Structures are given as structure tokens and as C-alpha cells.
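# Coordinates in review
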Amino acid sequence: MPAVISALHYCVPAQRLTQAELTARFGAGPVQSIAKMSGILERRVAPPGVTAADLAYGAAQGLLTARAVDPATIDLLIFASQTPDYQIPATACVLQHRLGLRMDCAAFDLNQGCSAYPYALAVADGLITSRVAKRALVLNADTVTHVIHPQDRSLLALHGDGAAVTLLELANEENTGLRGFALGSDGSGAPYICMPASGARQPRSEATRREKSDEAGNVRTDEHLGMNGPAVFHFSVSRMPDIIRGALQKWGLTVEDLDLVLLHQANRMMVDLMYKSLKIAEDKRFYFMETVGNLAGASVAVVLAEAWRQGRLKPGSLTLLVAFGNGLSWGLALHRWPREMPPPVSAPVDYVAE
Amino acid sequence: MTMTTEEKHARLQEIFREALDLPDLRLTEDFSVADCPAWDSVATVQIVLATEAAFNVRVPTEKVATLHRAGDLLALLP
């Protein structure tokens, strides 16, 4: 039996970055142009001092409380993020302690960007099915806005901060749970989304703190996140549909077999072009980016949690999760919901400081 | 049917005019990002997708990453 998702919850900061604030900073034209493509009209933004781990903690506490889960039953914690609290130690270990989990709970970080959710699910599924763990908390969280230069409108207008928590355990119904994964990468595109001075390759210095502008006037330093937007957009709409078709073929499925297809909520035009290319029917589509922004590594987990909250996940139905982003990297996960499906976690999603 | 160079140029000019909202644009091979504040990353995406549809070609992503000049795109057309 594979692992099954038995509960999901998410947490976003209460603070919002509005179109009016962006317009005051960058002017109406560029802001409207990005919004027309992205469909993102508001972002949830973590204030200084609130980290991805804090949002993940908020999501996890919300789930554990709402579902009355005994923390002592959790024996695996994965924290998937590219904005951890520390390079050393693993943030997952800090969260193990904060959440009051057992000391024989395995806890480690997984460094992956927007494709993190299928990767984290695949790792948790592997450890559960191999009996290394029985009950896992997978935390997907990012505070990407903290690594974007305040004068980089191309990224500020797209991104928000957020975290999701997924509770996984061994399925107890035939043909339910995680049914397949397809993971991949193309490192030739690594420079397209990169924070150059963020590790050992390019140590931070006065030079890496120097501001520079691109042709469009976006400002950043080598210590900030940079993105070649056109290249990433093009990769997503030209390569991802073929990757999805290939995975479905490998699994002996067609898009007609899927009940819901959830794509990384990068921007509306990109998602629509992918849906159109794959000929996904309107009633199998779902969006959740307009009021929160692109939540990076938390994006696909959050859209799945929100789909559950809005009643879009039906007992026995089949959901395809598709994530892609920096690396370049991508991941697909296929999940069949049990016939005996619990209700969604309906706890509040706004972050409240401890 | 193969397009002549003039026809390709005219079609590409239409695409640039629409993406950049410049109805009177006279497109030259040297027209570049530096000449036009409206040519931002969103416009690049629109130009590439419209070009791929109009000419039934796939522009390599690495070319999209460095696209700054109309001539770069014209050189990729069949």
C-alpha cells in the first residue's frame, strides 16, 4: 500500500501587498502589464522576522489541533524550503523541537524550489512504504519576498509567502493514495532563476551587495533572487505539457481519467496556456493565486489544500499535481482520494505570532 | 508555402506592434529592448508566443533567455 494524504492545512501572513502600493512604487503601466499576464492582484507578505519556518509551524499547529493529532504519533518531518532559518542546522530539526515531536522522529530539510511538493511527497511515500516511518508531516514553506530586492517589480508583483502542511500515513484502502511520481531536472537552466551569492560558490562581499538594473529598470544585487522571466515562462509552456503527457502515458492514463489537475500557481496566463495545451476541461481546473501570489515551494500544496477547503476533492477521485521551477526542476504526483475521505481542515489560515 | 523575407518581416512587425502597443512602429533588425521601455519581460513572452504561433516554429528557450533585438528573432524563422 502507498502513503495517502490524510489532512492538509496552510498558513499565510496576514499582511497584504496591494496593487495600489506597487503602483505608487513603480507606476501604473508596468504594474497593470504584469497583472494582466499574472492574474495576481494581491500578495500575502511576511513581515521582517517572520520566517518560512514560522509559517510552517503555524500551519502544522493548526492541523495538529484541528485534527486532534497526537504529536507523539509523528515519526517523520520533512521541511522543504529554499528560505530556511539557517544553512546549518536543518530547520526541520528546530521545528521537531518547536512542535514537540518525539526525538526518534526523523527530521530533515529538502532544498527544492517551486517543484518541492511532489519531491517531498515522493520522499515521504518512500519512507512510509519502506516502513521507516508510519506518520509524516511534510512542510512546504517559503518566504521568497525576503530575498527579492524592493525595487525589482518583476518579482515583487508575482510572489507571496506561505506554508503548507501535509499529513501522510499508510493507505488502508486498495488503489488509494499516491499512485505515481515523475520527477526531473534540466540544470542547463539553473541560471534562469538564481540567487548568485547565496552559498559557497560566490561568497558575499561588497561586490555582491552592489545594485544593478536590467533594461526594464528592475534593481537587484547578487544577494537577491533574480529571474529570467521570459525563459522560465517559455520553458513552462513549451516543455511541461510534453512532460505531463509522457507521465500520463507511462501510467496508462489520459487526461479524461483525471478528476482535477492542479498546476504550480506561477501566473494565470502560464497556467491557462498549459491547461489549453493539455486539453484539460474547465471543470478539472482550479486556481488559487489572485489573492496570495506565487507561493514558490508552498504553491502546489496550498492550492491542493484550498481545493479541499472549497469542496473540489471528491471521495475516490484522482488528482494530478504538477510543480515546476528553479533548477530547472519539475515534479508530478498522482493521488487517488479514499472513498472514506475526511473533511478538510477548516481552521483559520492567517498567521498569528506566538 | 514559404514566406518571403519581406512577408516574414511584415508579420513580425505586426506582432511587435501589438505586443508593444506601438501601432506605428517601423520594425528594423536592430530594434532592441534599449529602444523601447514597453519591451519588458511580459512583452518578450507575448512576442515569442505570437511568433511561434504565426510561423509554426518553436523558439529554443536559451534563445528566449537572451532575446533583446528583433533581428535575433527574425534569424530563427524558417
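### Considerations on the overall build of chain B
Tallying secondary structure elements over chain B gives 4 helices and 0 strands in all. Scaling as 2.2 N^0.38, a compact globule of 78 residues should have a C-alpha radius of gyration of about 12 Å, and chain B matches this with 11 Å. Judged by the C-alpha coordinates and their principal axes, chain B covers about 35 × 30 × 20 Å. If you take every contact in chain B between residues at least 6 apart in sequence, the share linking residues at least 24 apart comes to 48%.

### Describing helix 9 (residues 299–309) of chain A
Since the α-helix advances by 3.6 residues per turn, residues separated by three or four positions end up pointing in the same direction. All names here are of chain A. In terms of burial, helix 9 is largely enclosed, as 9 of its 11 residues are buried. Of the residues making up helix 9, those classed as buried are S299, V300, A301, V302, V303, L304, A305, E306 and W308. G311 occupies a position one or two residues after helix 9 and carries a positive phi of about 75°.

### Considerations on the pairing of strand 14 (residues 318–325) of chain A
Residues and elements named next belong to chain A. The buried fraction of strand 14 amounts to 7 of the 8 residues, a majority that puts the element mostly inside the structure. Relative to strand 14, strand 13 (residues 260–263) runs parallel, the two being bridged by 4 bridges. Pairing of L263 across the sheet is with V322, part of strand 14. In textbook terms, the turn of a hairpin is the stretch between consecutive antiparallel strands, and for strand 14 and strand 15 (residues 329–336) this stretch comprises 3 residues, one of which, G327, has a positive phi near 140°.

### Description of the sheet that holds strand 6 (residues 135–142) of chain A
Residue and element names in this part refer to chain A. The 5 strands are arranged 1-7-6-4-5 in an open sheet whose pairing can be described as mixed. Looking at the sheet topology across the chains shown, the edges are occupied by strand 1 (3–11) and strand 5 (106–110). With strand direction ignored, the average angle separating the axes of adjacent strands in the sheet is 15°. On the sheet, helix 4 (residues 91–98) packs against strand 4 (76–80), strand 5 and strand 6 and is oriented at approximately 130° with respect to strand 4.

### Remarks on the interface of chain B and chain A
Between chain B and chain A, the residue contacts involve 13 residues of the former and 17 residues of the latter. Where the side of chain B that touches chain A is concerned, the elements lending two or more residues are helix 2 (41–55) and helix 3 (61–65) of chain B. Split into classes, the residues belonging to the side of chain B that touches chain A amount to 8 nonpolar, 3 polar and 2 charged.

### Quick look at the sheet that holds strand 15 of chain A
Residues and elements named next belong to chain A. Ordered by their spatial adjacency, 4 strands build an open sheet running 8-15-14-13, and the pairing between neighbours is mixed. Each edge of the open sheet is held by one strand with a lone partner, namely strand 8 (177–185) and strand 13. Neighbour-to-neighbour, the strand axes of the sheet open up by a mean angle of 10°, direction not taken into account. Pairing geometry for strand 8 and strand 15, over 8 bridges, is antiparallel. Across the sheet, the residue bridging to L183 is G331, located in strand 15. Its contacts with the sheet place helix 9 against strand 13 and strand 14, and it is angled at close to 145° to strand 13.

### Quick word on the pairing of strand 7 (residues 162–170) of chain A
Residues and elements named next belong to chain A. With 8 of its 9 residues buried, strand 7 lies for the most part within the structure. As paired elements, strand 6 and strand 7 share 8 bridges and run antiparallel to each other. Of the residues in strand 7, the one forming a bridge with V138 is T166.

### Brief notes about helix 7 (residues 229–250) of chain A
All names here are of chain A. Taking 1.5 Å per residue as the helical rise, helix 7 with its 22 residues ought to reach 32 Å, and the 31 Å between its terminal C-alpha atoms agrees with that figure. Helix geometry: helix 7 is bent most strongly at R239, by close to 35°, with proline P241 lying one to four residues after it. Backbone geometry just after helix 7 places G252 at a positive phi near 70°.

### A few points about the packing of helix 7 of chain A against helix 2 of chain B
Two numbers describe how helix 7 of chain A lies on helix 2 of chain B: the axes approach to 8 Å, and their chain directions differ by 40°. The pairing of helix 7 of chain A with helix 2 of chain B is recorded here as oblique in orientation. With respect to the hand of their crossing, helix 7 of chain A and helix 2 of chain B are arranged in right-handed fashion. Only S41, T44, V45 and V48 of chain B of helix 2 of chain B make contact with helix 7 of chain A, whose side of the interface consists of G229, P230, F233 and H234 of chain A. Here the residues of the contact of helix 7 of chain A with helix 2 of chain B are counted per class, giving 4 nonpolar, 4 polar and no charged.

### Details of the confidence of the model for chain B
Any residue range with low pLDDT should be treated as having predicted coordinates unsuitable for detailed reading. Taken over all residues, the pLDDT of chain B has a mean of 91, while the share at 70 or more is 99%. At the level of chain-chain contacts, confidence expressed as ipTM amounts to 0.85, with global pTM at 0.95.

### Details of unusual backbone geometry
All names here are of chain A. In this chain, I88 is followed by P89 through a cis amide linkage whose omega measures 5°. Position of P89 relative to the elements: it lies in the loop between strand 4 and helix 4. In this structure, the amide linkage connecting G327 to the following residue, L328, adopts the cis form with an omega of -15°. With respect to the secondary-structure elements, L328 resides in the loop between strand 14 and strand 15. Located in the positive-phi region is N175, a residue other than glycine, with phi close to 60°. Mapping N175 onto the fold places it in the loop between strand 7 and strand 8. The backbone phi angle of A296 is positive, close to 55°, even though this residue is not glycine. Along the chain, A296 turns up in the loop between helix 8 (268–278) and helix 9.

The rules behind each value
Residues numbered from 1 in each chain as written. Chains lettered and ligands numbered in written order. Predicted model: local features only at pLDDT ≥ 70, side-chain atom pairs only at ≥ 80, totals over all residues. Helix = DSSP H or I, 4+ residues; strand = E, 2+ residues; numbered from the N terminus. Rg over C-alpha atoms; globule rule 2.2 N^0.38 Å. Contact = placed C-beta atoms within 7 Å. Buried ≥ 20, exposed ≤ 12 C-beta atoms within 10 Å, placed from the backbone. Pairing = 2+ DSSP bridges. Axes fitted to C-alpha atoms, helices over the stretch in contact; angles between N-to-C directions. Nonpolar A, V, L, I, M, F, W, Y, C, P; charged D, E, K, R; others polar. Expected span 1.5 Å × (residues − 1). Bend = angle between axes of the 7 residues up to and from the residue. Parallel < 35°, antiparallel > 145°, perpendicular 65-115°, else oblique. Left-handed = near helix turned anticlockwise from the far one by under 90°. pLDDT = per-residue confidence, 0-100.

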